[in-house]
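# Coordinates in review
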Amino acid sequence: GMHVPFLVAWPGKLPANQTFDHPVTTLDVAATAAGIAGLEVNARDLDGVNLVPYLQGKNKAPPHERLMWRWTAQSAIREG
């Protein structure tokens, strides 16, 4: 569902006690894990975004311009 809390901890790599105000999706988990593992992944192979640069403050932009969902005959788009 939307607005589900998502917690991340990586001592020594990510700052503690921060709040990330931009929406993310579970699809970002695979891209983030691939980035952490040092895997070379073509951006077109995964629908998610590596969140590490955003969580480290190296990239201040939102990771997504819009998020889209589809389940059977239902669909939604979140923009902004």
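Keep in mind it's a predicted model, so treat the numbers as computed, not measured. (Residues numbered from 1 in each chain as written. Predicted model: local features only at pLDDT ≥ 70, side-chain atom pairs only at ≥ 80, totals over all residues. Heavy atoms only, no water.)

Our next topic: a nonpolar patch on the surface. Residues Phe6, Val8 and Val29 make up a contiguous nonpolar surface patch of about 270 Å² in total accessible area. For Phe6, the location among the structural elements is in the segment before helix H1 (27-37). (Patch = residues over 30% accessible without salt bridge, like charges linked within 9 Å, V, L, I, M, F, W, Y side chains within 5 Å. Areas by Shrake-Rupley, 256 points an atom, 1.4 Å probe, with all protein chains shown as cover. Salt bridge = Lys/Arg side-chain N within 4 Å of Asp/Glu carboxyl O. Helix = DSSP H or I, 4+ residues; strand = E, 2+ residues; numbered from the N terminus.)

Attention now goes to the confidence of the model for the protein chain. Looking at the protein chain as a whole, its pLDDT mean stands at 90, while 98% of the residues score no less than 70. Element-level pLDDT for the protein chain is lowest in strand E1 (residues 66-71), with a mean of 89, against a maximum mean of 96 in helix H2 (residues 52-55). (pLDDT = per-residue confidence, 0-100.)

There is about 970 Å³ of room inside the largest pocket. Split by residue class, the lining of the largest pocket holds 20 nonpolar, eight polar and two charged. When its volume is computed, the second largest pocket comes out at roughly 160 Å³. In terms of lining residues, the second largest pocket is bounded by Thr25, Leu27, Asp47, His64, Arg66, Leu67, Met68 and Trp69. Residue contributions to the lining of the second largest pocket peak at four residues, all from E1. For the lining of the second largest pocket, a count of residues per class yields four nonpolar, two polar and two charged. (1 Å grid on protein atoms, 1.4 Å probe; cavity = no way out; pocket = protein on both sides within 12 Å on 5 of 7 lines; lining within 4 Å. Points joined across faces, edges and corners; volume = space filled by probe spheres on them. Nonpolar A, V, L, I, M, F, W, Y, C, P; charged D, E, K, R; others polar.)

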